[in-house]
Amino acid sequence: MNIQAMMKQAQALQKDMMKIKDEIDKSDFVGENAMIKITIKGTKEISDVELKVQESLDSDDIDMLQDMIKSAYNEAAKKVDDTTEKKMGKFGNIPGLF
């Protein structure tokens, strides 16, 4: 295989990888529990927070709510990581790429 063919193959691979990464970045990932629903983009930026709370909250409820927000966000962020690994894993482990 000559150098030109290798470069062309590498460029095609890079183009495929960037297309998949862009698709993931634009996708929505949801983490939720009984009181909170958080939607994040593949970039892990929060795009929506929905509180499923009807009654007023006391200080203990606020602490619990804060924990639930963290939990919902972490669930959504894990979905981003899992999807990225699933879709990008076929390209092998290239350190520092994403």
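Analysis parameters
- Residue indices follow the written sequence of each chain, beginning from 1 at its first position.
- Only residues with pLDDT of 70 or above have their local features reported here, since the model is predicted, and side-chain atom pairs are shown and tallied only from 80 upward, although totals for entire chains, interfaces and linings are computed over all residues.
- Here the side-chain values reflect all heavy atoms present in the structure, with hydrogen atoms and water set aside.
- Runs of E in the DSSP output that reach at least two residues are strands. Runs of H or I that reach at least four are helices, and both are numbered from the N terminus.
- Buried means the residue's accessible area, taken with a 1.4 Å probe over protein chains only, is under 20% of the maximum for its type, while exposed means over 50%, and partly exposed covers the values in between.
- Contact definition: two residues touch when any of their heavy atoms are within 4.5 Å.
- All axes are obtained by fitting lines to C-alpha atoms, using only the stretch in contact for helices, and the reported angles, taken between N-to-C directions, cover 0 to 180 degrees.
- Convention used here: angles under 35 degrees read as roughly parallel, angles over 145 as roughly antiparallel, angles from 65 to 115 as roughly perpendicular, and any remaining angle as oblique.
- Put simply, a crossing is left-handed when the front helix is turned counterclockwise from the back one by less than a right angle, and right-handed when it is turned clockwise.
- All residues other than Ala, Val, Leu, Ile, Met, Phe, Trp, Tyr, Cys, Pro, Asp, Glu, Lys and Arg, Gly among them, are scored as polar; the first ten of these are nonpolar and the last four charged.

A. Just the environment of Leu51, in detail. With respect to the helices and strands, Leu51 occurs in strand E3 (residues 46–51). Judged by its relative accessible area of 48%, Leu51 is partly exposed. Placed 14 residues apart in sequence, Leu51 and Lys37 show a C-alpha to C-alpha distance of 6.5 Å. Once residues within four sequence positions are removed from consideration, Leu51 is found in contact with Met35, Ile36 and Leu65.

B. Structural view of the environment of Thr39. By secondary structure assignment, the location of Thr39 is in strand E2 (residues 36–41). Thr39 sits in the buried class, given a relative accessible area of 11%. C-alpha separation for the pair Thr39 and Phe29, spaced 10 residues apart in sequence, amounts to 5.6 Å. The contact partners of Thr39, leaving out residues within four places of it in the chain, are Asp28, Phe29, Val30, Glu45, Ile46, Ser47 and Asp48.

C. Inspection of the packing of helix H1 (residues 3–26) against helix H2 (residues 59–88) at higher detail. Packing of H1 against H2 leaves a shortest axis separation of 10 Å and a crossing angle of 160 degrees. When the interaxial angle is binned, H1 and H2 end up roughly antiparallel. Considering how the two elements wind past one another, H1 and H2 form a crossing that is right-handed. For the pair formed by H1 and H2, the contact residues are Met17, Ile20, Lys21, Glu23 and Ile24 on the first element and Thr83, Thr84, Lys87 and Met88 on the second. When its residues are assigned to classes, the contact of H1 with H2 shows four nonpolar, two polar and three charged.

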